[in-house]
Every structure is written in structure tokens, then in C-alpha cells.
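# Chains, contacts and geometry: an overview
As a plain string of letters, each chain reads:
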Amino acid sequence: MKKRFLVSLASLLLVSGLLLAGCNSAKTSEGSGKVTLTFGTSQSGIPRTGIMQTMAKEYEQETGVKIDFQVVPDAQWRDLIKVKLASGEAPDIFNVDVDPLSMPANVRPEENAIDLTNEEFAGRMSEEILPTVSHNDKVYGVSFAPSKIWYVYYNKRIFNELGIEPPTTYAEFKAISEKIKAQDIIPFYQAPASGWYQVLPLFETGPNYEHTTPGTYEKLNNNEMKVADLTQLKTVIEQLKEFADLGYFGKDFLSNTVEAGIEAFGQEKAAMLLRVPGTEKEVSEAYPEMEDNMGFFVMPWGDNQTIGVNPGGSAAMFGNKNSKHPEEVLKFFRWITEHDNLQRVFDGGEGNLTICWPEIEPKLTQDYIDYEKNHEKGTVMQAAVKYIDPQWMDIGKDISGMFAGAMTPDQILQNIDKRRAEQAKVLKDEAWQ
Amino acid sequence: MNANKIYPWYFSSGAIVLYLLFIVAPALLGIYYSFTDWNSYSSEKNFVGLEHFRTILAGDPTYLLFIKNTVLFTLVTSIAKTVLGLFLALLLVSGVKAANLHRMIIFSPQVLSFLIIGLVFKSLLDPNNGFVNVTLRSLGLDFLAQNWLGSLTWAMPSIMAVDTWKGMGYIMVLFIAGLLAIPRDYYEAASIDGAGFWQKLFKITLPMLMPTITIATVLNITYGLRVFDAVYVLTNGGPGNATDVINTAVYSSFAKGYWGLGSALSTILFVIMAIISFFIIRLMNRKVEF
């Protein structure tokens, strides 16, 4: 009797569970009339201020269409989105870091992205950004990113107290770092735990390689030279290692994350930090005493004095061609790119001073305008040389390995060449045949 | 075939179909893909023969490092979990107070996801603000404070230690069950004959526990060879590739879109596991005789 009762109870629970599951799925399905669009992105793909999420809630109130954000750590998203796209499980809207060279391979837009060429908003994006979100003369992505420049931000008070000036050569960089370290302050905040940050000095200073030896980018793209032959790049890697060994990144810096950089810089534990324009706003909002206490200079690794400009490099939104709700995706894109909403995205972001929509007034301060006037500019290596950007995270691991003593600069360069050859082979690049 | 012989097949056919469909077929497909250049950049799948296997086993020393790390991790954690699990089991069946409470506490990490454990230990082992180093420094033991997950010397031992901590509770429960199944008569007879603790351990307990030790060893080894989450969450294979194992390389290959290569790595792992498991079972599954 007891056994029969238990079996009956178990059956009842099972059937109830199935019914409830059915009811639950009915609520979220199209049958209820409410559409949910999934939006997959890396952490840095959308503003950390949460403005996109706030606007998405308003959009839901206006239209009934919910945007469900799935935010994944940066280090995982690059790989994850490729697998999701290939397995047909990509979100309705997905962010991918774009540049003209790797976007077609990473997104395979003809198979995976909704064609936005004929949308009114596609014609309003800046000419500079369009090649990074286009393929075969068709526009596939929507970006809010500015052309990206990474500067070294420094603490003016610390510099003034130590009587030091922003460096223009590596030797000066090293000398001021030594003085800062002597005060028990971390000279330069490095963040290998995030996987990508430590790679920036190698390729953001790419214009310097091109400036020193014109034609370098072309030769690399035509497989007429190896990355291992790029002596200036090797110098930069060796200098990074020297900084690590001299303690200029701090003790046990291998566990540092990019996210914690603002805190270290804002609390004056670190005197220098590699960031993009707008950092002043983000730091001073969290640490008001830092207002007007921040200056910047171009990164002097390898005696570089050229500003590296990345026309893409940041996330762009793509609509999933295989989404069940392509029309809703397009409607959301049209809404978010309305002039007033673009302004809100710009104003509500972390503090970017430009946006790739000419109709939105940039907020560049005179400091930046003057600085850019006095320095040459060039395109960063990852946006101009093939098969660098797709292996960014691998290079990051190699550099961490070098910091820990497991690899040499030469091995890092050889690995870069090896991975370039692998990808060229997969993509059947004629220059590598 | 008579009705009695058909009868069990009739009942198990559903399970067999599901097993073939969801276990055997994907495994065979995976092996097939390991001989192709299947990748995320093209819809073509060309047969490339043993090319991926050559790359892994002879072409690139990095892959050999991953295999070496996997084997090392498996050996160390298997031995540590077995020895500690057995020690704890002997302790808890010897009449220690609050044995059930201790058993529950030691077993509890087993029910937690490694994602949670990994995040907790990442925080505990943080070289600057982590509990472990802060405690060591506060005790004046600065020289013992290490960059646990960031140094070449300590990263792998740290992962092994965390994994052993998580898994030893499960092995302990297996051993407790095995110990409780040994008839008390043997111990009573041994005591009458004047046998001491060590003699009882080596002459009665361990031989009688051999089936459990076999199960525990196979479980530990197959888990160790398949390890992914512990490494991925704690170090992501770093620093450099110092703690990468076969499965993080599989993940990385699939993530990069090199699916043929990833399948080849999985196939190699499958073969290693099959061979090791076969020999362990053959070696350890002997009949216990007195």
C-alpha cells in the first residue's frame, strides 16, 4: 500500500512538473505575444554604466519587446561567439570586436548576419567605421565605437612631487618608473589576468614599425617577412619583460585584472595606466579627488612617439540572420540609432569622447586636440596586418608565460608566426601557399 | 531465439537506441572529424588523414606539454585522493566522535560546482589580498606566501590541491562503504591470533578493499584525464601554457574554430583513457583469496 502510494505520488509530481514546464514555456514563447530578443556580448562590448540595459527596459515598455542581455567575460566571448554561431545557437543580437581584416572570418556575415545595407541608419555611420562592419560592399554591423586610441594616463600629483615629466623614450620611461617605484607606488598598472591587456603595447605601437621601415605591413600581409623578423617588435616585448623583472608592474601583478585598474589608479596605488580617452571622467567619477589630476602621453615602448589609431577594434552589434525574430532585431537597431538615442548612448557611456556617428558632437577636450596635432598618427598593427587580431588572446597567454619565466621573446614571436600560418592555411590564403 | 531470450532485449531496446544515438554515434562522428580539416571558416570538410595526429604527437611540442600536464595531474590527484580518502575513511569508521558530521563536511565540496569552488579559491589564493597569503604574512611567515596561481612553480600544485580537496570526500564515502562491508569476524580472528593494526590493515583491510580501490582508482584516473573545469576556472591554463591540459587545448581548438584538430585531441584522450582503464581493471580486479 505504502509502495503504491509512493509510486502514485512520484507519477503525480512528474506529470505536474511536465505540465508546469509546458505552462512556463508557453509564457515565454511567441504564443504569449511577447518577444524576447537575446543580446550576447562581452563585458566591454557594452558600456559598464548600464546605459544599454536601461534603454532596453524603456524599449520594452514602449514596444513590449524584451532584450535579454547575456554578458560574458571578455576573455571568453571571442571564442564562445564563434562556437555559438557555428552551432546555430547565437543570440538574436550579438556583439563582436570588429576590424576590416578579421570581421569576415570571425562573423561570416553572409551566413550569420542580417544585411543592414539598405537601412537608413547604415548611411549615417562614419566613413571610417563602415569598412569594419562591412563585407563585399554590404553593411552588416552597427557600432557606437570611436576610433580607438590607447594612451598612458598618469597621476600629475605624483609626477609633480617627484619632479618627473611624461617620457618620450623608453629610457626616460624606465627612469621615471624607477623613481616612482622607490616611493612604494606601482609605476605602471599591468593586467595579465584579463588575458588581452598586456598585448596592447606590442601592436598599438605598430605605426612606429611602419614609420621606421615603410612597407612593413604590406610585407607581412604578403608573407614576404615574418613577425619574428620585426626587430622593433622584439624590442617592445623585451622591454615589457624588463619592466616586469624590475618590478615596475608591481609585485605579483600576474593576477591583476583590467577592471581593478581604475581602482588602483584612482587610489593612487599605481601612477600610470593604459586606457582610452574618456578615462578621466570614469576615474574622477569614482574618485573625485583625482579630478584634474590626470595627464596622458603616447606609449613610449620602443621609443614610440606615433599615436596608434584603431578604426575598429571595438564591439559592433550584428543581427543574427538565423534569428526567429529578424524584424524585431531590425526595429531595435532602428530605435537605438535614432538621433536622440545615439546621444543617450554617448552621454551615458563610460566617458568616450567620440562616437562613430558624425551627427553626434564629440567631446574631445583641447588637450587631446593639441596632443594629436603635435604627433603623427598611424593605423595599429592588428587593424592592418592579417592574422594578428584573431590570436590576440593566445599572444596574451604567451606574454603571461614570459612574465612568469616560461617563454622568451623569440618564442613569442615564433608562436605568432606559427599561428598566422595556421590561420592562413585554414583560410587558404594564397600568400601562404 | 526463444521468448525468454527476446524478452530482455525487448525491454532494453529503448535504452540501446538512445545509447547508440547520443553516445556511440557522436563518438564515432568525432573520430571521423579528427581525420578532416573541418573548421569554422568554411563549410568544406576535407579528409586530411593523420595530419592532426602528426601535429599533436610529433609536430608541436606544446601539445606534448598538455599531455604531460594531464598525466601528471591525473597521477598526483589520483594518488592523493585515494590515500587521503582511505585515511579519512579509516578514521571515521574507527569510532571517532561526530563521525556523520565530519563525513558530511568532508563530502560537501563534492556537491558544489567547480565554478563556485574555483572562484572562492581564486579569491583565497590571490597573492596580494587573498586569505592564504594575508594569514601567512600576519603570522610572520612571509617567506611562505606565494603567487599560488600565477607562478610556474606553484600553479599546477595549487590546482591539484584544490581538486584533491574537492574530490577526496567522494572517495572517502566509497571507502567507508567498502570498509563497512568487510565482515568483523576476520578482525576478531586476527585479534585472537595477535595481529596488530598494520597487520590487519595490510592482510585484511586492503585486500578486502581491493574492489573499492579499483573503482576509486578508475574513477580518479578517468576524472583526472578529463579534467577541465579546475584548470579553466583557476588559471585558464596559465601562466603561459604551464597548466594547460588536453581538455583546455580541446576547448581552445574548438573555440578558435579548428574543429578537426579539436576532435583529434579528443580522440587521443579517448584512446589514452581506454588503454589506462583497461589495464587498471585487468591488474587490480583480481579475486581476493585467504
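Looking at an unreviewed UniProt entry, one finds chain B named Raffinose/stachyose/melibiose transport system permease protein, with Paenibacillus amylolyticus as its source organism. Quoted verbatim from the Sequence similarities (unreviewed entry) field of the UniProt record, the comment on chain B reads "Belongs to the binding-protein-dependent transport system permease family." Looking at the Subcellular location (unreviewed entry) heading of the UniProt record, one finds this comment for chain B: "Cell membrane".

Per the secondary structure count, chain A includes 19 helices and 13 strands. Over its C-alpha trace chain A gives a radius of gyration of 24 Å, about what one expects of a compact globule, namely 22 Å for 433 residues. Overall size of chain A, expressed as C-alpha extent along the three principal axes, is 85 × 50 × 50 Å. Put simply, chain A has 433 residues, and 54% of those count as buried. Restricting to contacts in chain A with at least 6 residues of sequence separation, those with at least 24 account for 76%. Chain A carries 43 positive and 63 negative side-chain charges, and their two centres are separated by 9 Å.

Glancing now at the interface of chain B and chain A. At the junction of the two partners, chain B supplies 30 residues and chain A supplies 28 residues. A per-residue breakdown of the area chain B buries against chain A is headed by Tyr41(B), Ala255(B) and Tyr258(B), which together make up 25% of the total. Taken together, the connections running from chain B to chain A amount to 4 salt bridges. When the shortest N-O distance is used, the salt bridge between Glu51(B) and Lys425(A) registers 2.5 Å. Our enumeration of links across chain B and chain A arrives at 7 residue pairs in polar contact (both at pLDDT 80 or more). When residues of the side of chain B that touches chain A are assigned to their parent elements, the largest contribution, 3 residues, is made by helix α11 (residues 246-256) of chain B. A breakdown of the residues in the side of chain B that touches chain A according to their chemical character gives 9 nonpolar, 14 polar and 7 charged.

What follows covers the pairing of strand β9 (residues 270-275) of chain A. Across a regular strand the side chains alternate sides, sitting on one face of the sheet and then on the other. All names here are of chain A. Counting buried positions along β9 gives 6 out of 6 residues, so the element sits mostly inside the fold. Here 4 bridges tie strand β7 (residues 151-155) to β9, and the two strands are oriented antiparallel to one another. For tyrosine 153, the partnering residue across the bridge sits in β9 and is leucine 273. Note: strand β8 (residues 186-189) against β9, 3 bridges, orientation parallel. Paired with tyrosine 189 across the two strands is leucine 273, which belongs to β9.

Volume-wise, the second largest pocket comes out at about 480 Å³. In this structure, the second largest pocket is lined by 19 residues; those nearest its centre are Glu422(A), Lys425(A), Val426(A), Glu51(B) and His52(B). Looking at the lining of the second largest pocket, the elements that each hand over two or more residues are α19 (409-426) of chain A together with α2 (51-59) and α12 (259-284) of chain B. Per element, the largest residue contribution to the lining of the second largest pocket is 5 residues, and it comes from α19(A). Per-class residue counts for the lining of the second largest pocket are 8 nonpolar, 4 polar and 7 charged.

Before going further, it helps to examine the nonpolar core. Residues and elements named next belong to chain A. Core analysis: the biggest nonpolar cluster contains 77 residues, and Phe203, Met272 and Trp301 have the highest contact counts within it. Apart from the residues lying within four places of it in its own chain, the contact partners of phenylalanine 203 are Leu233, Val380, Met381, Gln382, Ile388, Trp392, Ile395 and Ile416. Counting 52 residues, the second-largest nonpolar core is a separate cluster that includes Leu37, Met55, Ala113 and Val133.

Turning to the sheet that holds β9(A), a few remarks are in order. Residue and element names in this part refer to chain A. Taken in spatial order, the 4 strands line up as β8-β9-β7-β10 in an open sheet, and their pairing is mixed. The sheet is open, and its two borders are formed by β8 and β10 (294-298), each paired with just one other strand. Strand-to-strand twist of the sheet, defined as the mean angle between neighbouring strand axes without regard to direction, takes the value 25°. In this sheet, β10 lies alongside β7 in antiparallel orientation, the contact comprising 5 bridges. By the bridge assignment for β10, tyrosine 151 is matched with valine 298.

Next up on the list: the pairing of strand β12 (residues 315-319) of chain A. Residue and element names in this part refer to chain A. Within β12, 5 of the 5 residues are buried, which leaves it mostly tucked inside the rest of the structure. Burial along β12 is two-sided: the residues Ala315, Met317 and Gly319 and Ala316 and Phe318 are all buried. Summarising the sheet, strand β3 (residues 93-97) and β12 pair through 5 bridges and their orientation is antiparallel. Following the sheet pairing, asparagine 95 is matched in β12 by methionine 317.

According to UniProt, the positions carrying the feature "domain: ABC transmembrane type-1" (unreviewed entry) are residues 67-280 of chain B. Within residues 67-280 of chain B, the helical portion is 74% and the strand portion 0%, while the C-alpha atoms at the span's ends are 19 Å from each other.

Put simply, helix α3 (residues 74-87) of chain A and α11(B) touch, their axes get as near as 7 Å, and they point 65° apart. The orientation of α3(A) relative to α11(B) falls into the category roughly perpendicular. Here Asp79(A), Lys82(A) and Val83(A) of α3(A) lie close against α11(B), whose contacting residues are Phe254(B), Ala255(B) and Lys256(B). Partitioned by chemical class, the residues of the contact of α3(A) with α11(B) number 3 nonpolar, no polar and 3 charged.

A separate point is the sheet that holds strand β2 (residues 66-72) of chain A. Residue and element names in this part refer to chain A. Read across the open sheet, the 5 strands follow the order β2-β1-β3-β12-β6; overall the sheet is mixed. The open sheet terminates on both sides in strands that have one partner only, identified here as β2 and β6 (141-143). In this sheet, adjacent strand axes meet at a mean angle of 25° when their direction is disregarded. Contacts from helix α2 (residues 51-63) reach β1 (36-42), β2 and β12, with the element oriented near 160° to β2. Lying over the sheet, α3 contacts β1, β2 and β3, oriented at roughly 125° with respect to β3.

Looking now at the UniProt feature "transmembrane region" (unreviewed entry) in chain B. All names here are of chain B. When the UniProt feature table is mapped to this numbering, "transmembrane region" (unreviewed entry) covers residues 7-35, 71-93, 105-125, 167-183, 204-225 and 258-281. Secondary structure across residues 7-35 comprises 93% helix and 0% strand; the distance between its end C-alpha atoms is 40 Å. Spanning residues 105-125, this segment combines 67% helix with 0% strand, and its end C-alpha atoms are found 21 Å apart.

Another aspect to go through is helix α3 (residues 61-93) of chain B. A rise of 1.5 Å per residue sets the reference length of α3(B), with its 33 residues, at 48 Å; its end C-alpha atoms lie 48 Å apart and thus fit the reference within 8%. One or two positions beyond α3(B), positive phi appears at Gly95(B), with a value near 95°.

This structure, assessed with the given rule, holds 3 cavities of 30 Å³ or more. In this structure, the largest cavity occupies an estimated 90 Å³ of space. Residue lining of the largest cavity: Lys82(A), Tyr387(A), Pro390(A), Gln391(A), Asp394(A), Arg419(A), Glu422(A), Gln423(A), Tyr41(B), Lys256(B) and Tyr258(B), and that is the complete set. Among the elements that take part in the lining of the largest cavity, α19(A) stands out by supplying 3 residues, more than any other. Looking at side-chain class alone, the lining of the largest cavity contains 4 nonpolar, 2 polar and 5 charged residues. In this structure, the second largest cavity encloses a volume near 70 Å³.

The pLDDT averaged across chain B works out to 90; a share of 97% of its residues lies at or above 70. The lowest-confidence element of chain B is α12(B), averaging 88 in pLDDT; the highest-confidence one is helix α7 (residues 155-180) of chain B, averaging 95.

Moving on to the pattern of salt bridges. Residue and element names in this part refer to chain A. The final tally for this structure, using the stated rule, is 27 salt bridges over all chains. Note that glutamate 372 and lysine 377 form a salt bridge whose closest N and O atoms lie 2.7 Å from each other. Note on glutamate 372: relative accessible area 18%, which makes it buried. Linking aspartate 398 and arginine 419 is a salt bridge whose minimum nitrogen-to-oxygen distance equals 2.9 Å. Taken as a pair, aspartate 398 in helix α18 (residues 392-404) and arginine 419 in helix α19 lie far apart in primary sequence, 21 residues in all.

What counts and what doesn't
- Residues numbered from 1 in each chain as written.
- Chains lettered and ligands numbered in written order.
- Predicted model: local features only at pLDDT ≥ 70, side-chain atom pairs only at ≥ 80, totals over all residues.
- Heavy atoms only, no water.
- UniProt positions renumbered as here; feature names shortened; annotations may be inferred.
- Helix = DSSP H or I, 4+ residues; strand = E, 2+ residues; numbered from the N terminus.
- Rg over C-alpha atoms; globule rule 2.2 N^0.38 Å.
- Buried < 20%, exposed > 50% of the residue type's maximum accessible area, 1.4 Å probe, protein only.
- Contact = heavy atoms within 4.5 Å.
- Lys, Arg positive; Asp, Glu negative; His and termini not counted.
- Charge placed at Lys NZ, Arg CZ, Asp CG, Glu CD.
- Buried area = accessible area lost by both parts, 1.4 Å probe.
- Salt bridge = Lys/Arg side-chain N within 4 Å of Asp/Glu carboxyl O.
- Polar contact = N/O pair within 3.5 Å; in protein donor to acceptor, adjacent residues only side chain to side chain.
- Nonpolar A, V, L, I, M, F, W, Y, C, P; charged D, E, K, R; others polar.
- Pairing = 2+ DSSP bridges.
- 1 Å grid on protein atoms, 1.4 Å probe; cavity = no way out; pocket = protein on both sides within 12 Å on 5 of 7 lines; lining within 4 Å.
- Points joined across faces, edges and corners; volume = space filled by probe spheres on them.
- Core = buried A, V, L, I, M, F, W, Y, C linked by side-chain atoms within 4.5 Å.
- Axes fitted to C-alpha atoms, helices over the stretch in contact; angles between N-to-C directions.
- Parallel < 35°, antiparallel > 145°, perpendicular 65-115°, else oblique.
- Expected span 1.5 Å × (residues − 1).
- pLDDT = per-residue confidence, 0-100.

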